[in-house]
Amino acid sequence: GGRDDTVERAHLARYNFAKPYCAGKRVADIASGTGYGMKILAAVARSVEGYDRERLGQRYVIDLEKQDWPENYDVIVSFETIEHLANPDFFLANAARSAPLLILSTPTGERPGANPFHKQAWSAAEVKALLESRYLCEYRCQTDQVIGPDQETCPTLVAICNVIPGP
């Protein structure tokens, strides 16, 4: 009976993956939870602010499906968020408005209803189509703690997305 820390290690791998993109930048961690990821990013970022739907140690409490966040950033990091939203497009519009770079992750290939907290279950192709309406993205695949090249079958898709410049 030891503790299974698989999920925790996967989250830590995502934040460590994001660190080089955040170096010297003003960063928002959207859906920051208890803030452990903010601390990881703060080691390299100029500043990090957190947002979540409950007060758990971050500066802002926000409903990501109804509210815009008040600041602009160089980078937005949001891991394991969009699958919890009924309308992820609202969130993505806010992200595109407020930062030129978005780094996010989401499970793919999950059976609908497998996680009662997820309002979305989609394939990697569906997530990519959603993102590519606003962003030019590079994709990686995360399996456990390893974030590597994108693959056709991928349990967790990690996206590094640059806003498509407007006219």
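Keep in mind that what you see is a predicted model, and the values were worked out from it rather than measured. (Residues numbered from 1 in each chain as written. Predicted model: local features only at pLDDT ≥ 70, side-chain atom pairs only at ≥ 80, totals over all residues. Heavy atoms only, no water.)

1. Comments concerning helix H1 (residues 6–22)
Side chains three or four residues apart in an α-helix point the same way, a direct result of the helix having 3.6 residues per turn. This is how it is decided: To qualify as a helix, a DSSP run of H or I must reach at least 4 residues; to qualify as a strand, a run of E must reach at least 2; elements of each kind are numbered from the N terminus. In this scheme, a helix's expected span is set at 1.5 Å multiplied by one less than its residue total. Partly exposed residues are those whose accessible area sits between 20% and 50% of the maximum for their type, while under 20% is buried and over 50% is exposed, using a 1.4 Å probe and protein chains only.
Here H1 spans 25 Å end to end across 17 residues, near enough to the 24 Å set by a 1.5 Å rise per residue. Regarding H1, the residues found buried are Ala10, His11, Ala13, Arg14, Tyr15, Phe17, Ala18 and Cys22. The first or second residue beyond H1 is Gly24, which carries a positive phi of 70°.

2. Topic: unusual backbone geometry
Unlike most non-glycine residues, Ala31 shows phi in positive territory, near 70°. Tracing the sequence through the fold places Ala31 in the loop between strand E1 (26–30) and helix H2 (36–42). Despite not being glycine, Glu80 has its phi angle at roughly 55°, a positive value. Its relative accessible area of 17% is what places Glu80 among the buried residues.

3. Topic: the nonpolar core
Keep this limit in mind: In this text, buried Ala, Val, Leu, Ile, Met, Phe, Trp, Tyr and Cys residues form a nonpolar core when linked through side-chain atoms within 4.5 Å. The contact definition used throughout considers only heavy atoms, calling two residues in contact when any of these lie within 4.5 Å.
Counting residues in each nonpolar core, the largest one holds 26 residues, and the members touching the most others are Ile30, Tyr51, Trp69, Ile76, Phe91, Leu102 and Leu131. Setting aside residues up to four positions removed in sequence, Ile76 forms contacts with Ala28, Ile30, Trp69, Ala95, Ser98, Ala99, Leu101, Leu102 and Ile103. Listed in part, the 17 residues of the second largest apolar core include Phe17, Ile40, Val77 and Phe79.

4. Focus on the packing of aromatic side chains
Which entries qualify depends on this criterion: Pairing of aromatic rings covers Phe, Tyr and Trp, the last through its six-membered ring, and needs centres within 6.5 Å; plane angles under 30 degrees mean stacked, over 60 mean edge-to-face, and all others mean tilted.
In this structure the tally under the stated criterion is 7 aromatic pairs. Plain terms: the ring middles of Tyr51 and Trp69 are 6.1 Å apart, the flat faces sit at 55° to each other, and that makes the pair tilted. Taken together, the residues span a long stretch of sequence, with Tyr51 in strand E2 (residues 47–52) and Trp69 in the loop between strand E3 (60–61) and strand E4 (75–79) at a distance of 18 residues. No difference in accessibility class separates Tyr51 from Trp69, as the two residues are buried. The rings of Tyr51, Tyr60, Trp69, Tyr73 and Phe91 are connected pair by pair, giving a single aromatic cluster.

5. A word on the pairing of strand E7 (residues 146–149)
Each regular strand shows side chains that alternate between the opposite faces of the sheet. For the record, the criterion: Here, strands pair whenever DSSP counts at least two bridges between them.
By the bridge criterion, 4 bridges tie strand E6 (residues 135–143) to E7 in an arrangement that is antiparallel. Paired with Arg140 across the strands is Pro149, a residue of E7. Connecting E6 to the antiparallel partner E7 that follows it, the hairpin turn spans 2 residues, and Asp144 within it adopts a positive phi of roughly 55°.

6. Digging into the pairing of E1
For clarity, the cut-off: Look down the strands so they point away from you; if going from the first strand over the helix to the second traces a clockwise path, that crossover is right-handed.
Among the 5 residues of E1, 5 are classified as buried, and the element is accordingly described as predominantly covered. Here E1 shows a buried face lined by Arg26, Ala28 and Ile30 and a second buried face lined by Val27 and Asp29. In the sheet, E1 pairs with E2 via 5 bridges, with the strands oriented parallel. Counted as the bridge partner of Arg26 is Ser47 from E2. In the classification by handedness, the crossover that spans E1, the intervening H2 and the parallel E2 is right-handed. Relative to E4, E1 runs parallel, the two being bridged by 3 bridges. Directly across from Asp29, in E4, lies its bridge partner Val77.

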